[in-house]
Amino acid sequence: MLRDGRMVYRDDVPEPVPGPGQVLVGVRACGICGSDLHFAAHGGTVLEMSNRVARGAGGMEVALDRDIFMGHEFSAEILEAGPDTDTHPVGTLVTSLPVLLSDKGIDPIVYSNSTVGGYADRMLLSAPLLLAVPNGLDSRHAALTEPMSVGLHAVNKSNIQPGEPALVVGCGPIGIAIIANLRARGVETIAAADFSPTRRELATAMGAHQALDPAQGSPFDSVKAKVVFEAVGVPGVIDDILLRARHGTRVVVAGVCMQPDTMHPFFGIAKELNIQFTLAQTPEEFAETLGALAEGEMDVSPLITGEVGLDGVGQAFDDLADPERHCKILVTP
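As recorded in an unreviewed UniProt entry, the protein goes by Alcohol dehydrogenase and comes from Mycobacterium conspicuum.

1. Description of the packing of aromatic side chains
Going through the model one piece at a time under the given rule, you end up with two aromatic pairs. Here the aromatic rings of Phe-39 and Tyr-111 are separated by 3.9 Å at their centres, their planes lie at 10°, and the arrangement is stacked. Note that Phe-39 is positioned in helix α1 (residues 34-54) and Tyr-111 in strand β9 (residues 111-112), a separation of 72 residues in sequence. Both residues of the pair, Phe-39 and Tyr-111, count as buried. When the centroid spacing of 6.3 Å and the interplanar angle of 80° are considered together, the rings of Tyr-119 and Phe-317 count as edge-to-face.

2. Examining the pairing of strand β12 (residues 166-169)
Every second residue of β12 is oriented toward a common face, with Ala-166 and Val-168 on one face and Leu-167 and Val-169 on the other, all of them buried. In this sheet, strand β13 (residues 190-193) lies alongside β12 in parallel orientation, the contact comprising four bridges. Pairing of Leu-167 across the sheet is with Ala-191, part of β13. With respect to chirality, the unit in which β12 leads through helix α4 (residues 173-185) into the neighbouring parallel β13 is right-handed. Of the pairings in the sheet, the one linking β12 to strand β15 (residues 227-230) comprises four bridges and is parallel in character. Paired with Ala-166 across the strands is Val-227, a residue of β15.

3. Description of the state of the cysteines
For the structure shown, the criterion picks out zero disulfides. You can see Cys-33 has no disulfide; the closest cysteine sulfur is in Cys-30, sitting 9.5 Å from it. Considering cysteine sulfurs only, Cys-327 is the nearest to Cys-171, which forms no disulfide, with 9.6 Å between them. The class of Cys-171 is buried, set by a relative accessible area of 0%.

Each value, and the rule that gives it
Residues numbered from 1 in each chain as written. Predicted model: local features only at pLDDT ≥ 70, side-chain atom pairs only at ≥ 80, totals over all residues. Heavy atoms only, no water. Phe/Tyr/Trp six-rings, centres within 6.5 Å; stacked < 30°, edge-to-face > 60°. Helix = DSSP H or I, 4+ residues; strand = E, 2+ residues; numbered from the N terminus. Buried < 20%, exposed > 50% of the residue type's maximum accessible area, 1.4 Å probe, protein only. Pairing = 2+ DSSP bridges. Right-handed = clockwise from strand over helix to strand, strands pointing away. Disulfide = S-S within 2.5 Å.

Okay, here's the thing in structure tokens:
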């Protein structure tokens, strides 16, 4: 769990007790998300910005001076059902949207002082939201349903057609998820751009037809993209895309930039660009992604570059800062 900006291991957390409509599960695998890394480093900013958006309508109530449970990309095995709860049999491998329902309301399984997340041996999930993992899909691959469905959501929001060339700027986990979903969608021309040689290689392995190094020249000079996906989340990137994109391009922003950013609206106006911001996924997209993984339509094994136990999460957070070493580290309790 997160304490003073660092992940620490605790073995004294009481086992959660499932209430009505809930199940106790044993976590089989949980992916470390880039948003977790960002929260560890900039939790105060994340909470402040989220609560400004909510404007009093149920913002994130997390105390940074207390231990914080995290982990929202998971697969797990059902151990016990709560009272009067109809669900899958004990032993079923499941995954779920990271949300816990209770008589107190809805608690996102993202950052919480009280709701245990996927970086744990055991946690609670909501029976109505459970999806049984089909076709004997590896629990490690099933844990990546959540991030891969974020990529599907971005692709769906773009309304891209197979004959429209796409450019993905940034080949971290979300950029890679977008690439994989573009390939599964049958998009015929997929280009990817990243400064990291390792990430460019991964982009190619996951379906990009062309991987470009921005240090060697703007990717817009060689790719006539109709749809551009921004998956960097660093100030200045959106403005640069608006400047370099072709007339009529659709720009989908999936990278999460928490700092103030500056854009020149004239660039978009002069070229009649369309900008779409995206976040997370729908329940239908989550289920569709799980099905695609189980049917072999997407192979996520190249993304998994490391595995650690619960006592190795802190070091894994540090290691993920280097894009040449890792893409996705799984926590396997």
